[in-house]
Amino acid sequence: MLSLNQHPTGRHFLQIPGPSPVPERVLRAISLPTIDHRGPEFGVLGRKVLADMQTIFQTRHPVIIYPASGTGAWEAALVNTLSPGDHVLMYETGHFASLWNKLALRLQLQTEFIGLPGIEGWRRGVQADLIAERLRADTGHRIRAVCVVHNETSTGVTSDIAAVRRAIDDAGHPALLLVDSISGLACADYRHDEWGVDVTISGSQKGLMLPPGISFNALSPKAIAASAHALLPKAFWAWDDMIEMNQTGYFPYTPSTNLLYGLSEACDMVLGQGLAQVFARHQRWAQGVRTGVRAWGLETQCQDPAVHSPVLTGVMTPAGLDADVLRKLIHSRFDCSLGTGLGKVKGQMFRIGHLGDSNDLTLIATLAACEMGLKLSGVALPGSGVQAAMDYFADHPAPV
Ligand SMILES: *Cc1c(COP(=O)(O)O)cnc(C)c1O
């Protein structure tokens, strides 16, 4: 058993799908002295990170930065656009979609939580036709918002957001489109404006390679217009004061100054490489990891090859092997943290994160930890996932 002052040698393999490993460049930036958030230098930093985040969300419209975890930004999206008792259509892709639904219920919204039956919905992306069908039946336009998760971190499935937008438009429905891309942003292709999203919610500790502690709402003009009439109570989360003060790079209350230093550095890294390269890098890692999983003869949680997540891979453990027992073994023997199965799939799968500050060798080592753990657990593997991933990465050089 490790105590906090008996740090193991070498580096810990933090391979959960968020918080993700933080690059040293970002950690160094965060360690700089805190400055006056009302002073002259702060406005420059504020304007820079707000502009950089617009580029990353691919939007020309305001982005809000909260000193909060992603859950806060979920709440912010709802309280700024909706009124008590409003009807909201939410889609069950997995555990995070379920948590967002619970949060909406606590805010006294009337949610309708639709999806494919049973576990099926947790193995595929959003079925846009189900959303279109439900919206067409809502001739009185009682549904005020459609809420979907872009990258379902509990399963490793990325949904087609443009298809959801088309479903809403084809039904001729005025509902707002609210999208959780907390774990997708800056890893998986995401286009707030082009896809016609009204509010995108994101967070710092996944694709943005920062520690936990800041989160985002990207807005549309339609969302801002809705916020003028939305009656759910809000103070800390209110967009109006934020939008007003952000124009000069300042915030209505104390922002997470040091995390914003880190954000500025992380944006430089992401935008310096270019969004297209960052997306391609994650797709390639995901392919390599899936190649390894296939060589073990194991199934991925995602059953639709078109929507495998570039951020993480959910791996189903063989019947009779509790995935959490396996994870604990791998952690204690090899100092590698893997994501647990959440909600409906607890014990049946584990998750390998391949996001943020990663590389081929990190992922090969992670697969090695899994492979050793599976063998120690008595699983007869038909082949080596490590070897398969090495071959994949060697044969498919990273785009430059
Ligand atoms: C991590 C995550 C959340 C929750 O964010 P917190 O920062 O833990 O509050 C919500 N949705 C998705 C898809 C996530 O990956």
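Look a little higher up for the structure.
Caption draft 1: How the structure looks around the pairing of strand S10 (residues 215-219). For S10, the tally of buried residues reaches 5 of 5 residues, placing the bulk of the element in the interior. What you see with S10 is no split at all: Ser215, Asn217 and Leu219 on one side and Phe216 and Ala218 on the other are buried throughout. Two strands pair when backbone bridges link them, and strand S2 (residues 63-66) and S10 are joined in this way by 4 bridges, in the antiparallel orientation. Within S10, the residue paired with Ile65 across the bridge is Phe216. Pairing geometry for strand S9 (residues 199-203) and S10, over 5 bridges, is antiparallel. Bridging from a neighbouring strand, Ile201 pairs with Asn217 of S10.

Caption draft 2: Here's a closer look at the packing of helix H10 (residues 275-295) against helix H12 (residues 360-376). It is at 11 Å that the axes of H10 and H12 come closest, and there the two elements cross at 25°. The angle between H10 and H12 falls in the class roughly parallel. Read as a crossing pair, H10 and H12 show a hand that is right-handed. Counted together, Arg284, Trp285 and Val289 of H10 and Asp360, Leu363 and Leu367 of H12 form the full contact between these two elements.

Caption draft 3: Spatial organisation of the site of the ligand. Residues in contact with the ligand amount to 13 residues; listed here are only the nearest, Ser69, Thr71, Thr153, Asp180 and Lys206. Contact distances for the ligand include 2.4 Å between an oxygen atom and a side-chain N or O atom of Thr153. Here Lys206 contributes a side-chain N or O atom positioned 2.6 Å from an oxygen atom of the ligand. Out of a free accessible area of 380 Å², the ligand has 88% covered by protein chains. Per element, the largest residue contribution to the shell around the ligand is 3 residues, and it comes from helix H3 (residues 70-81).

Caption draft 4: Inspection of the packing of aromatic side chains at higher detail. What the rule picks out here adds up to 9 aromatic pairs. Relative to Tyr250, the ring of Phe42 has its centre 6.0 Å away and its plane inclined at 40°; by these criteria the two rings are tilted. Placement of Phe42 in helix H2 (residues 40-57) and of Tyr250 in the loop between helix H8 (239-246) and helix H9 (257-273) is noted, with a sequence separation of 208 residues between them. Judged by relative accessible area, which is 0%, Phe42 ranks as buried. Classification of Tyr250 as buried rests on a relative accessible area of 16%. For the ring pair Trp74 and Trp100, a centre distance of 5.9 Å and an interplane angle of 5° mean the geometry is stacked. Of this pair, Trp74 sits in helix H3 while Trp100 sits in helix H4 (residues 95-106), placing them 26 residues apart in sequence.

Caption draft 5: Examining unusual backbone geometry more closely. Each neighbour pair has its own omega, and for Gly18 with Pro19 the value is -5°, a cis peptide bond. For Pro19, the position within the fold is in the loop between strand S1 (13-15) and helix H1 (24-30). The phi angle at His141 is positive, at roughly 55°, despite the residue not being glycine. With respect to the element layout, His141 can be found in the loop between helix H5 (128-137) and strand S5 (143-149). Look at His141 and you get partly exposed, because its relative accessible area is 33%.

What counts and what doesn't
- Residues numbered from 1 in each chain as written.
- Predicted model: local features only at pLDDT ≥ 70, side-chain atom pairs only at ≥ 80, totals over all residues.
- Heavy atoms only, no water.
- Buried < 20%, exposed > 50% of the residue type's maximum accessible area, 1.4 Å probe, protein only.
- Helix = DSSP H or I, 4+ residues; strand = E, 2+ residues; numbered from the N terminus.
- Pairing = 2+ DSSP bridges.
- Axes fitted to C-alpha atoms, helices over the stretch in contact; angles between N-to-C directions.
- Parallel < 35°, antiparallel > 145°, perpendicular 65-115°, else oblique.
- Left-handed = near helix turned anticlockwise from the far one by under 90°.
- Contact = heavy atoms within 4.5 Å.
- Near = heavy atom within 4 Å.
- Polar contact = N/O pair within 3.5 Å; in protein donor to acceptor, adjacent residues only side chain to side chain.
- Areas by Shrake-Rupley, 256 points an atom, 1.4 Å probe, with all protein chains shown as cover.
- Phe/Tyr/Trp six-rings, centres within 6.5 Å; stacked < 30°, edge-to-face > 60°.

Distances and angles like these do not, on their own, reveal function.
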